[in-house]
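Listed below, chain by chain, are the residues.
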Amino acid sequence: MPSISEALAKRALKKGDAQASGVSTSAAGGGLLSLASSGVWRSRLSWRIAATMFMAILLIRTVVLNFQVMVGYEQARLNALAEQAQIGISSIIHSTADSEGAVNPFDQEHVERLMATSPVLGLDVYTPQYKLVASYGSKPSLQPLFGQLDVNYRSPDGVVYETIFKGADIQSAYIVVAKLDASIVKDQVYGFLIENILVMVFMSFAITLIFMIMIGKWLIEPLLFMRANLVAAFKNPESPDIRQSPYGVHDEVGATIELMQKLIEQNAENIVHIKSTAEDKIHKLAYYDSLTGLPNRALFIQKLSENARVSYDDTVERFAVVAVDLDHFKDINDSMGHNVGDAILRSVGKKLRSALPESAMVSRTGEDEFALMLPLRAGASTAREVAERVINVIRNDPFKVFNEEFQVRASVGVATYPDDGIEPDLVLKNADIALNRAKEEGRDRVKEYSEDFDRAVQERFQLLRDLRDALEKEELELYFQPQLDLKTGKIIAAEALLRWWKPDNSKEGGTFISPAQFIPVAEQSGLIVPIGEWVLRQTVKVGKRLQDEHDISLRLAINVSGNQFAQSDIVGFVSSLLTETRYDPKLMELEVTESVFMHDIKHTVQVLQNLHALGVELAIDDFGTGYSSLSYLSQFPIDRLKIDQSFIRNALNDVENASIARTIINLGHSLNLKVIAEGVETKAHEEFLVKQGCDEVQGYRYCRPVPVDRLIEFVTSYNGQLDSFGD
């Protein structure tokens, strides 16, 4: 990319050329108007302005013509027609006629000659007393009335005009009503109208043309000039090829064009500068972590690839790739806030960078993950020793943030190039596999990559694929373990437990896959959500079957995963399921492990309250094994506490476990909750729980988890006596 100075120099050169071009244009003199005018008339805006002006002028002239000129002209023609008739009548009337005796003042032959040589069509003669004396030719429709001698009449077709002549008008005492032929007036008005229209069109065109020449010169041409320069700037914003303005800055248009030119030039300079700065910043954002300033995963892999470009001979350079994950870092963010977490991440990056040699590359590859690469020189440290050094840097000294000290631990995985892979991505992947094994084995340790780890990962992926197939092919099934009331001995409920029978080519036709093996895989992959919904639906079907076919009403307990709380609308699903099946919600109990509550207390409380509002019962499973605060327990709309089986199995031999079981029972009763104990295997376990006042039990002493048919058999054959299970 050219430098800023080069780009600006290039623009200055183009500007000089444009100025020279502008001088030659100005020298052309009068050619500017004619050249610009052709552009003006190619402009749509010009045509819109011209059409609007032409129509406006024409409209104004038309209105004036119709409402003033035409009306006045027509009346003048009619007045002239009436004056002609008046002169003719005055010339033939007898001025000495006796109006009192009602003598006709006209001679017949004079009237006939008048009508033959003038526009008079007919006459009515009246005495001063408004009596009709004589009528000639076509009779007029007007009649003289007292006080109404100035009235005229025009026929609808305009060819007849009638008027009244008083005695003073014709030098006589008589009143004469004349009917006149006005067709010539109609023709005259039409001719006058055509003549005026032609004049109006010509004048409108001439005025519009003159006006458009001025508008084009002062407005349209500058707009077209501005548009041409803006188009040039749009096509090449960094170095626009714009013409120098031929317009002066003494008026608003010229000043605006000058301002636009400066803005285009300023914009070009800014783009060149911003682009140069942005490229540097983009490179930094693309390859460096914004929080720690360390290289990110993309740059780490790039450098890894560069170091791996070898000739595959005896001189190949070996190097260690170390993957680091800070243990339980999310807890620091959740409890202390992201400000503290960010400060710790920065401190970890600085410590690692300062503790390792310059040849080492330290990068941040994830939220709480780091990756390191260090050449392994002959006789120097091994990959294992590098990893131990890394973990000790994090372990040895606590991190001090905001006057508080934090002891951070890390899990570390290490792989060696080219021993553990000749592809950079593969070496980093193997280091991550070793890191995951370190976390699985308890964290805060170093694990070197082994091919066995890879096989374990492949087996895990295969198990996940098989589990997906099992869900689709309905290879999963439900077993049920009864729950009994310690006081009455009745069977009151059963817990639904998921089982997976995987068909194979063995003599048995398949094997049961342990829930401890496939449930964690389903949890990590998110597959537990559709599996959990399948379990809920199947459990309701079993409950309906028990009621409808065997008249058995049992509360069925269903384990709910934490992922179902976080990743699905469990309230909506349960609500629609209950509505669809019309299943009694009191016969459904959802068991949630204690650890689920600690991820998001507010969300958990809201979900539990919504579920409880549906009528569903709720229980805390494995109570006592989690880390929940007792202060939150009263907020949960819980019906039942379930004591973890580890406390019951050891209660008879361990005082501490017995004390924990006793405390949970007392705590549950103080909160008005039922308490159920699982893992009851012997009569002694049962007697201990009876003594402590426990409410309900389940375990191998009474019944192992069984398919639904055997559950029905157990319920129908049970006599209701706990002693029937023997010792």
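To be clear, the structure that these remarks concern was listed above.
Computed from a prediction, not measured in an experiment: that's the story for all the values here.

Student: Just to check I follow, could you spell out the overall build of the protein chain for this structure?
Tutor: Secondary structure assignment for the protein chain yields 23 helices and 21 strands. Per-residue burial for the protein chain yields a buried fraction of 42% across its 727 residues. For the protein chain, contacts bridging at least 24 residues in sequence account for 63% of all contacts bridging at least 6. When the accessible surface of the protein chain is summed, it comes to about 38900 Å², and 53% of that surface belongs to carbon and sulfur atoms.

Student: What is the right way to look at the sheet that holds strand β7 (residues 361-364) in this model?
Tutor: Hydrogen bonds between backbone groups are what pair the strands of a sheet, and the pairing can be parallel or antiparallel. Read from one edge to the other, the open sheet built from 5 strands follows the order β7-β8-β6-β11-β12, with strand pairing classed as mixed. Where the open sheet ends on each side, the last strands, each with one partner, are β7 and β12 (446-448). Pairwise comparison of adjacent strand axes, ignoring direction, gives a mean angle of 20 degrees for this sheet. Two strands pair when backbone bridges link them, and strand β6 (residues 318-326) and strand β8 (residues 369-376) are joined in this way by 8 bridges, in the antiparallel orientation. Pairing of Ala-323 across the sheet is with Ala-371, part of β8.

Student: Whenever I open this one, a nonpolar patch on the surface confuses me. Can you help?
Tutor: Where nonpolar side chains cluster on the molecular surface, the patch consists of Ile-210, Phe-211, Met-214, Trp-218, Leu-219 and Leu-223 and spans about 570 Å² of accessible area. Relative to the elements of secondary structure, Trp-218 occurs in helix α6 (residues 183-235). Given a relative accessible area of 58%, Trp-218 falls into the exposed group.

Student: What's the story with the packing of aromatic side chains in this structure? I'm lost.
Tutor: Here the distance between the centres and the angle between the planes together describe a pair of aromatic rings. As enumerated under the stated definition, the model contains 11 aromatic pairs in all. Consider the rings of Phe-225 and Tyr-247, whose centres lie 5.9 Å apart with planes at 75 degrees: the pair is edge-to-face. Taken together, the residues Phe-225 in helix α6 and Tyr-247 in the loop between α6 and α7 (252-287) connect sequence positions 22 residues apart. For the pair Phe-225 and Tyr-247, a shared accessibility class is recorded, and that class is buried. Their ring planes at 20 degrees and their centres at 5.4 Å tell us that Tyr-718 and Phe-725 sit as a pair that is stacked. Clustering of aromatic rings is evident, with ring pairs tying together Tyr-702, Phe-714, Tyr-718 and Phe-725. Of note, Lys-351 hangs over the ring of Phe-399, and the distance from its end group to the ring centre comes to 4.2 Å. One Lys or Arg, Arg-704, reaches over the ring of Tyr-700 and ends 4.0 Å from the middle of that ring.

Student: What is the right way to look at the environment of Thr-52 in this model?
Tutor: Among the structural elements, Thr-52 can be located in helix α3 (residues 44-92). Each C-alpha atom of the pair Thr-52 and Thr-208 lies 9.4 Å from the other, and the pair is 156 residues apart in sequence.

Student: For this particular structure, what's the right way to read the layout of surface pockets?
Tutor: Gaps left between atoms are located by rolling a probe of water-molecule size over the structure's atoms. Looking at the largest pocket, its volume works out to about 880 Å³. Residue lining of the largest pocket: 36 residues in total, with Glu-495, Leu-497, Pro-515, Asn-559 and Asp-621 positioned closest to the centre. Ranked by residue count, the leading element in the lining of the largest pocket is strand β14 (residues 491-503), at 5 residues. Of the residues in the lining of the largest pocket, the class split is 14 nonpolar, 11 polar and 11 charged.

Student: Any chance you could explain the side chain of Lys-447 here in plain terms?
Tutor: Counting through the fold element by element, Lys-447 comes out in strand β12. Reaching out from Lys-447, the side chain makes a polar contact with the side chain of Glu-441 at a distance of 3.3 Å.

Student: It is not clear to me how the pattern of salt bridges should be interpreted in this structure. Could you clarify?
Tutor: When the charged atoms of two side chains with opposite charge come close together, those side chains can pair. Evaluated as defined, the whole model comprises 34 salt bridges. Among the ionic pairs, Asp-150 bridges to Lys-166, the shortest N-O distance being 3.2 Å. Within this pair, whereas Asp-150 is found in the loop between β2 (132-137) and β3 (153-154), its partner Lys-166 is found in the loop between β4 (160-165) and α5 (167-170), the two being separated by 16 residues in sequence. Among the charged side chains, a network of salt bridges with common partners joins Arg-555, Glu-589, Glu-617, Arg-640 and Glu-696.

Student: Help me out: how do you make sense of the environment of Ile-531 in this one?
Tutor: Here Ile-531 lies in helix α15 (residues 528-550). Along the sequence, Ile-531 and Leu-471 sit 60 residues apart, while their C-alpha atoms lie 7.1 Å from each other. Not counting residues within four places of it along the chain, the set of residues in contact with Ile-531 comprises Leu-467, Leu-471, Leu-476, Leu-498 and Ala-522.

Student: Just checking my understanding: could you explain the sheet that holds strand β1 (residues 120-126) for this structure?
Tutor: The 5 strands are arranged β2-β1-β5-β4-β3 in an open sheet whose pairing can be described as antiparallel. With one partner strand each, in any of the chains shown, β2 and β3 form the two edges of the open sheet. Here β1 pairs with strand β5 (residues 175-181) via 6 bridges, running antiparallel. The residue of β5 that forms the bridge with Tyr-126 is Ile-175.

Student: Help me understand the packing of helix α17 (residues 570-581) against helix α18 (residues 601-613), please; the structure alone is not making it clear to me.
Tutor: The description of two helices packed together rests on the angle between their axes and the distance between the axes. Across the interface, α17 lies against α18 with an axial gap of 10 Å and an inter-helix angle of 10 degrees. What the angle tells us is that α17 and α18 run roughly parallel. Facing α17, whose interface residues are Ile-570, Val-571 and Val-574, α18 presents Val-607, Asn-610 and Leu-611. The residue makeup of the contact of α17 with α18, split by class, is 5 nonpolar, 1 polar and no charged.

Student: What is the right way to look at unusual backbone geometry in this model?
Tutor: Negative phi is the rule for most residues except glycine; trans is the rule for most peptide bonds. Backbone torsion omega between Tyr-417 and Pro-418 reads 0 degrees, so that peptide bond is classified as cis. Inspection of the secondary structure puts Pro-418 in the loop between β11 (410-417) and α12 (424-440). Of note in the backbone geometry, Asp-551 takes a positive phi value of approximately 55 degrees without being a glycine. Secondary-structure assignment places Asp-551 in the loop between α15 and β16 (555-560). On the basis of relative accessibility, which here comes to 70%, the residue Asp-551 falls in the exposed class.

Student: Where do I start with the nonpolar core in this structure?
Tutor: Considering soluble globular proteins, one finds that nonpolar side chains tend to be buried as a cluster. Counting residues in hydrophobic clusters, the biggest one holds 85 residues, and the most contacted among them are Leu-476, Phe-480, Ile-531, Val-574, Met-588, Leu-590 and Leu-689. Considering every element that reaches this core, the biggest residue donor is α15, with 9 residues. In terms of nonpolar packing, the next biggest core, distinct from the first, is built from 35 residues, Leu-376, Ala-387, Val-412 and Val-446 among them.

Student: Is there a simple way to explain α17 in this structure?
Tutor: The α-helix advances 3.6 residues per turn, and as a result positions three or four apart in sequence lie on the same side. Taking 1.5 Å per residue, 12 residues should reach 16 Å; α17 reaches 16 Å between its end C-alpha atoms and fits that length. Along α17, the residues that are buried comprise Ile-570, Val-571, Phe-573, Val-574, Leu-577 and Leu-578. Angularly, the buried residues of α17 cover 165 degrees about the axis, an arc narrow enough to put them on a single face. Exposed residues lying more than 90 degrees from the buried face of α17 are Thr-579 and Glu-580.

Student: Explain the pairing of β6 here, please?
Tutor: In summary, the side chains of a regular strand alternate between the two faces of the sheet. For β6, the tally of buried residues reaches 8 of 9 residues, placing the bulk of the element in the interior. As paired strands, β6 and β11 are joined by 8 bridges and run antiparallel to one another. Each residue of the ladder has a partner; that of Leu-326, found in β11, is Ala-410.

Rules of the game
Residue positions are counted from 1 within each chain, in the order its sequence is given. Reporting of local features is limited, given that this is a predicted model, to residues whose pLDDT is at least 70; pairs of side-chain atoms are given and counted only at 80 or more, and all residues count toward the totals for whole chains, interfaces and linings. Computation of side-chain values: all heavy atoms of the structure, hydrogens and water removed. Per the convention used, a helix needs a DSSP run of H or I reaching at least four residues, while a strand needs a run of E reaching at least two, with both numbered from the N terminus. Note on exposure labels: buried denotes an accessible area under 20% of the residue type's maximum, exposed denotes more than 50%, and partly exposed covers the range between, all computed with a 1.4 Å probe on protein chains only. Contacts between residues were defined by any pair of non-hydrogen atoms, one from each residue, lying within 4.5 Å. Working definition of accessibility: Shrake-Rupley area with a 1.4 Å probe, residue cover restricted to the visible protein chains. Between any two strands, pairing holds if DSSP finds at least two bridges. Only the stretch in contact is used when fitting a helix axis, every axis being a line fitted to C-alpha atoms; angles between N-to-C directions are given from 0 to 180 degrees. Patches in this entry comprise residues that are over 30% relatively accessible and not in a salt bridge; like charges within 9 Å are linked, as are nonpolar side chains (Val, Leu, Ile, Met, Phe, Trp, Tyr) within 5 Å. Any Lys or Arg side-chain nitrogen located within 4 Å of an Asp or Glu carboxyl oxygen qualifies as a salt bridge. To pair, rings of Phe, Tyr and Trp, with the six-membered ring standing in for Trp, must have centres within 6.5 Å; the planes then decide the type, stacked if under 30 degrees apart, edge-to-face if over 60, and tilted in the middle. Working rule: Lys NZ or Arg CZ, within 6 Å of ring centre, within 35 degrees of ring normal, means a charge sits over the ring. A 1.4 Å probe that fits into a set of points on a 1 Å grid over the protein atoms alone but cannot get out defines a cavity; an open set with protein on both sides within 12 Å along at least five of seven lines defines a pocket, and lining residues are those with an atom within 4 Å of a point. Grid points are joined across faces, edges and corners, and a volume is the space filled by probe spheres set on the points. Residue classes follow a fixed rule: Ala, Val, Leu, Ile, Met, Phe, Trp, Tyr, Cys and Pro count as nonpolar, while Asp, Glu, Lys and Arg count as charged, and any other residue, Gly among them, counts as polar. For the purposes of these results, a polar contact is taken to be a pair of N or O atoms within 3.5 Å, where, inside protein, one atom must be able to donate a hydrogen and its partner to accept one; residues adjacent in sequence count only when each atom of the pair is a side-chain atom. For classification purposes, an angle smaller than 35 degrees is called roughly parallel, one larger than 145 roughly antiparallel, one from 65 to 115 roughly perpendicular, and anything else oblique. Nonpolar cores are built from buried Ala, Val, Leu, Ile, Met, Phe, Trp, Tyr and Cys residues. Side-chain atoms within 4.5 Å join them into one set. Given a helix with a known number of residues, its expected span is that number minus one, times 1.5 Å. When we speak of the arc, we mean the arc of directions from the helix axis to the C-beta atoms.

Coordinates in, geometry out; function isn't part of it.
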